[in-house]
Amino acid sequence: MKELKEIDSRFKIANREALIGVALAIFNFGWWFFFAYGLGDAKPEEYSYVFGFPAWFFYSCIAGFVVMAVLVIVVVKFWFVEVSFDEEEES
């Protein structure tokens, strides 16, 4: 299997794309954590509001979802590549 892994470029592509996915997940958690605990670390009477939501909730959950959706679309469109899963016949 190790020889196949060294020869087959699909493993390199799959590993790169998996690392990109992990980086996106870490970024998503960091975004959420920063806004949820950074802006939400006050008394509720002192909260500022965006569209009727507390700012910490709006930026961590609503804006964070939009940012992540755009990032995932951009990453898939420009960095992920089509890979055939059919085994290639050696000639």
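1. With respect to the side chain of S60
Part 1: Tracing the sequence through the fold places S60 in helix α3 (residues 55-78).
Part 2: Overall, S60 belongs to the buried group, its relative accessible area being 4%.
Part 3: At 2.6 Å, the side chain of S60 and the backbone oxygen of W56 are in polar contact.
Part 4: Apart from residues no more than four positions distant in its own chain, S60 is found in contact with W31, W32, F35 and A36.

2. Things to note about the environment of D41
Part 1: Inspection of the secondary structure puts D41 in the loop between α2 (9-39) and β1 (49-50).
Part 2: Separated by 15 residues in sequence, D41 and W56 have C-alpha atoms that sit 8.8 Å apart.

3. Some thoughts on the side chain of E17
Part 1: Note that E17 resides in helix α2.
Part 2: Summary of buried charges: E17 has no salt-bridge partner, and the nearest side chain of opposite charge, R16, is 4.1 Å away.
Part 3: Among the polar contacts made by the side chain of E17, one reaches the main-chain amide nitrogen of V81 at a distance of 2.9 Å.
Part 4: Once you skip the residues sitting within four places of it in the chain, E17 turns out to touch W79, F80 and V81.

4. Section: the confidence of the model for the protein chain
As a general rule, the predicted coordinates of low-pLDDT regions are not to be interpreted in detail.
Part 1: Scored by pLDDT, the protein chain comes out at a mean of 87, with 88% of its residues at no less than 70.
Part 2: Confidence, read as mean pLDDT per element, is least for helix α1 (residues 2-7) in the protein chain (58) and greatest for α3 (96).

5. Details of α2
Part 1: For α2, with 31 residues, the first-to-last C-alpha span of 45 Å sits near the 45 Å given by 1.5 Å per residue.
Part 2: Taken together, the buried positions of α2 are E17, I20, L24, F35 and A36.
Part 3: Tucked into the core, α2 has its buried residues touching α3.

6. Concerning unusual backbone geometry
Part 1: Look at F51: it is not a glycine, yet its phi comes out positive at around 55 degrees.
Part 2: Tracing the sequence through the fold places F51 in the loop between β1 and β2 (53-54).
Part 3: Judged by relative accessible area, F51 falls into the exposed class, the value being 73%.

Quick notes on the rules
Residues numbered from 1 in each chain as written. Predicted model: local features only at pLDDT ≥ 70, side-chain atom pairs only at ≥ 80, totals over all residues. Heavy atoms only, no water. Helix = DSSP H or I, 4+ residues; strand = E, 2+ residues; numbered from the N terminus. Buried < 20%, exposed > 50% of the residue type's maximum accessible area, 1.4 Å probe, protein only. Polar contact = N/O pair within 3.5 Å; in protein donor to acceptor, adjacent residues only side chain to side chain. Contact = heavy atoms within 4.5 Å. Lys, Arg positive; Asp, Glu negative; His and termini not counted. Salt bridge = Lys/Arg side-chain N within 4 Å of Asp/Glu carboxyl O. pLDDT = per-residue confidence, 0-100. Expected span 1.5 Å × (residues − 1).

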